[in-house]
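Observations on chain architecture
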Amino acid sequence: MIRIFPFLALLCCFSLAMAPSVRAELPLGVPVDGPTFRGTLAAADASGKLRFADAGKPLEILAADLAWWGALAEPAAGAQIILADGGTIVADGVRIEAEQVHGRSQSLRPFKLPLELVAGIILQPPADRATLDAWTARIAAASGQTDRLLLDNGDELTGSVAGLTEKIVPLESDEGKVDVGVDKVAAIIFNPTLVHKSRASGPRMLLGFADGSRLTAIELIADAGGARLKLAGGAELKTATDEIAALQPLGGKVVYLSDLKPISYRHVPYLQLEWPFYADRNVLGSRLRAGGRSFAKGLGMHSPSRITYDLDRPYRRLDAELAIDEEAADRGSVIFRVLVDDGRGAWTERATSEVIRGGQSPVPISVDLSGAKRVSLLVDYADRADELDHADWLNARLVR
């Protein structure tokens, strides 16, 4: 016993020391109001009620009362199906038959989608994140009246895609039908005039999956047996509940600034280069990333700049996380400011951040909006003029 006791004591101390870190690995949930929590998604029903489980007691919360839960994953290897509503499915074995896109996914069970819900397919995704983001944005913003094949050598072919198999993409053009090898096609952009682009309004959920797929569901039903989600276009997809890695309700008690149209925006160039702002993207047009995480909602701005919004109703506060985007490669430094106008044209500064530098973890901010009729978000210089000041207002949202 004399020899065993020290070992047991050491084991006990080790277990106690490890317990908090194990708990910390559970996904973080951020309610609209109240303390954060950590847990795993256990269930969801058609009424919008969500249930999370952790090492303690289960937590039930309405989707409308949740800001977000979990963290978005970067896409795994495989083709990427870009949906008309902005969603992405990472898939293998993608084929097109009878106006349906078929595929299988690490996270989603074998599926088929009406072709009209698909804006394009990236068959050979580039490894560089920024380049992949640019391809995704290009497909989403495509114009024209034909299908297009983007070849790996930089050429483009136009016509009508007649299908997709494991080896060929049949293309019908003015010059006749040609079978293009899949290994030569980097991406397919479908005729934008035939794509069903209407997006859902009202309550919905942005879902992130373990394989990096991202979808917006108008309904989510989940339990221990699995999850079923319905897309705005009517398609239904199935997955295991534990494949859902992130959940962000939309149309609840928060309104994201990136979903609103500003009444003004101004950037003052340090030299001559003018920077626009981006909604749900950083100032280079890539997805928002900071602190090792990816964010679906937010604003990308560059110093010095100011963006202003009219408030259509009373809001209690403005919440966000402040950061320099990861594309600045640990450089850049800015000061974030929030000003409000009570309707009489007199602006009052309600919040000023510390200096936020590249490589720093996102810093949460919560700003009182009582009496505000307009709100302005400013990004100012800090250490080195405007050098790589790629500022992100992550999850910038108005709270009702």
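Cut-offs applied
- Residues numbered from 1 in each chain as written.
- Predicted model: local features only at pLDDT ≥ 70, side-chain atom pairs only at ≥ 80, totals over all residues.
- Heavy atoms only, no water.
- 1 Å grid on protein atoms, 1.4 Å probe; cavity = no way out; pocket = protein on both sides within 12 Å on 5 of 7 lines; lining within 4 Å.
- Points joined across faces, edges and corners; volume = space filled by probe spheres on them.
- Helix = DSSP H or I, 4+ residues; strand = E, 2+ residues; numbered from the N terminus.
- Nonpolar A, V, L, I, M, F, W, Y, C, P; charged D, E, K, R; others polar.
- Salt bridge = Lys/Arg side-chain N within 4 Å of Asp/Glu carboxyl O.
- Buried < 20%, exposed > 50% of the residue type's maximum accessible area, 1.4 Å probe, protein only.
- Expected span 1.5 Å × (residues − 1).
- Contact = heavy atoms within 4.5 Å.
- Polar contact = N/O pair within 3.5 Å; in protein donor to acceptor, adjacent residues only side chain to side chain.
- Patch = residues over 30% accessible without salt bridge, like charges linked within 9 Å, V, L, I, M, F, W, Y side chains within 5 Å.
- Areas by Shrake-Rupley, 256 points an atom, 1.4 Å probe, with all protein chains shown as cover.
- Core = buried A, V, L, I, M, F, W, Y, C linked by side-chain atoms within 4.5 Å.
- pLDDT = per-residue confidence, 0-100.
- Phe/Tyr/Trp six-rings, centres within 6.5 Å; stacked < 30°, edge-to-face > 60°.
- Lys NZ or Arg CZ within 6 Å of the ring centre and 35° of its normal.
- Pairing = 2+ DSSP bridges.

1. Points about the layout of surface pockets
- The calculated volume of the second largest pocket comes to roughly 270 Å³.
- Of all elements in the fold, only strand 17 (204-209), strand 18 (214-223) and strand 21 (244-250) reach the threshold of two or more residues within the lining of the second largest pocket.
- Here the lining of the second largest pocket is built from residues that sort into 11 nonpolar, 4 polar and 3 charged.

2. Some points on the pattern of salt bridges
- The tally for this structure, following the rule as stated, stands at 23 salt bridges.
- Put simply, Asp-65 and Lys-253 hold a salt bridge, and the shortest N to O gap is 2.7 Å. In this pair, Asp-65 sits in the loop between strand 5 (59-62) and strand 6 (66-70) while Lys-253 sits in the loop between strand 21 and strand 22 (254-256), placing the two residues 188 residues apart along the sequence.
- Overall, Lys-253 belongs to the partly exposed group, its relative accessible area being 37%.
- Note that Glu-74 is salt-bridged to Arg-129, the shortest N-O span being 3.8 Å. With Glu-74 in the loop between strand 6 and strand 7 (79-83) and Arg-129 in helix 2 (residues 129-140), this pair connects stretches of sequence that are 55 residues apart.

3. Points about helix 2
- Taking 1.5 Å of rise per residue, the 12 residues of helix 2 would be expected to cover 16 Å, and the 17 Å separating its terminal C-alpha atoms lies within 8% of that figure.
- Looking at the buried side of helix 2, the elements it contacts are strand 7, strand 11 (118-122), strand 16 (185-189) and strand 25 (288-290).
- With a side-chain oxygen lying 3.3 Å from the backbone nitrogen of Ala-130, the N-terminal cap of helix 2 falls on Asp-128.

4. Points about a nonpolar patch on the surface
- Nonpolar side chains collect at one region of the surface, where Tyr-270, Leu-271 and Tyr-381 lie side by side and expose about 340 Å² of accessible area between them.
- Along the chain, Tyr-381 falls in strand 34 (residues 374-381).

5. Things to note about the nonpolar core
- The biggest cluster of nonpolar side chains holds 52 residues, and the ones touching the most others in it are Ile-81 and Ile-121.
- When sequence neighbours within four positions are dropped, the list of residues in contact with Ile-81 reads Gly-87, Thr-88, Ile-89, Ala-91, Val-94, Val-101, Phe-111, Val-118, Gly-120 and Ile-121.
- Core analysis: the next-biggest nonpolar cluster, separate from the first, contains 30 residues, Tyr-309, Tyr-315, Val-379 and Ala-396 among them.

6. Remarks on the side chain of Ser-333
- Here Ser-333 is to be found in strand 30 (residues 333-341).
- Excluding residues within four positions of it along the chain, Ser-333 makes contact with Ile-324, Val-355, Ile-356, Arg-357, Asp-380, Tyr-381, Ala-382, Asp-383, Arg-384 and Asp-389.

7. Digging into the confidence of the model for the chain
- With 93% of its residues at a pLDDT of at least 70, the chain reaches an overall mean of 90.
- The model gives residues 1-23 a pLDDT under 50, and that stretch makes 4 contacts with residues more than four places away or in other chains.

8. Here's the deal with the side chain of Glu-321
- If you trace the backbone, Glu-321 turns up in strand 29 (residues 317-324).
- Not counting residues up to four positions away in its chain, the partners in contact with Glu-321 are Trp-68, Arg-293, Phe-295, Pro-362, Val-363, Pro-364, Asp-392, Trp-393, Leu-394 and Asn-395.

9. Some words on empty space enclosed by the protein
- Applying the stated criterion to the full structure yields 2 cavities of 30 Å³ or more.
- One number sums up the size of the largest cavity: a volume of about 120 Å³.
- Surrounding the largest cavity, 14 residues form its lining, Trp-68, Gly-70, Leu-72, Gln-248 and Ser-294 being those nearest its centre.
- Every element with two or more residues in the lining of the largest cavity is listed here: strand 6, strand 21 and strand 26 (293-295).

10. With respect to the packing of aromatic side chains
- Tallied over the entire structure, the rule returns 5 aromatic pairs.
- Measuring from ring centre to ring centre gives 5.4 Å for Phe-52 and Trp-69, while their planes differ by 45°; the resulting arrangement is tilted. With Phe-52 in strand 4 (residues 49-53) and Trp-69 in strand 6, this pair connects stretches of sequence that are 17 residues apart.
- Here the basic side chain of Arg-306 rests over the ring of Trp-347, its NZ or CZ set 4.8 Å away from the ring centre.

11. As for the pairing of strand 14 (residues 168-173)
- By the bridge criterion, 2 bridges tie strand 13 (residues 156-161) to strand 14 in an arrangement that is antiparallel. Among the inter-strand pairings, Val-161 is bridged to a residue of strand 14, identified as Leu-171.
- Adjacent in sequence and paired antiparallel, strand 13 and strand 14 are bridged by 6 residues.

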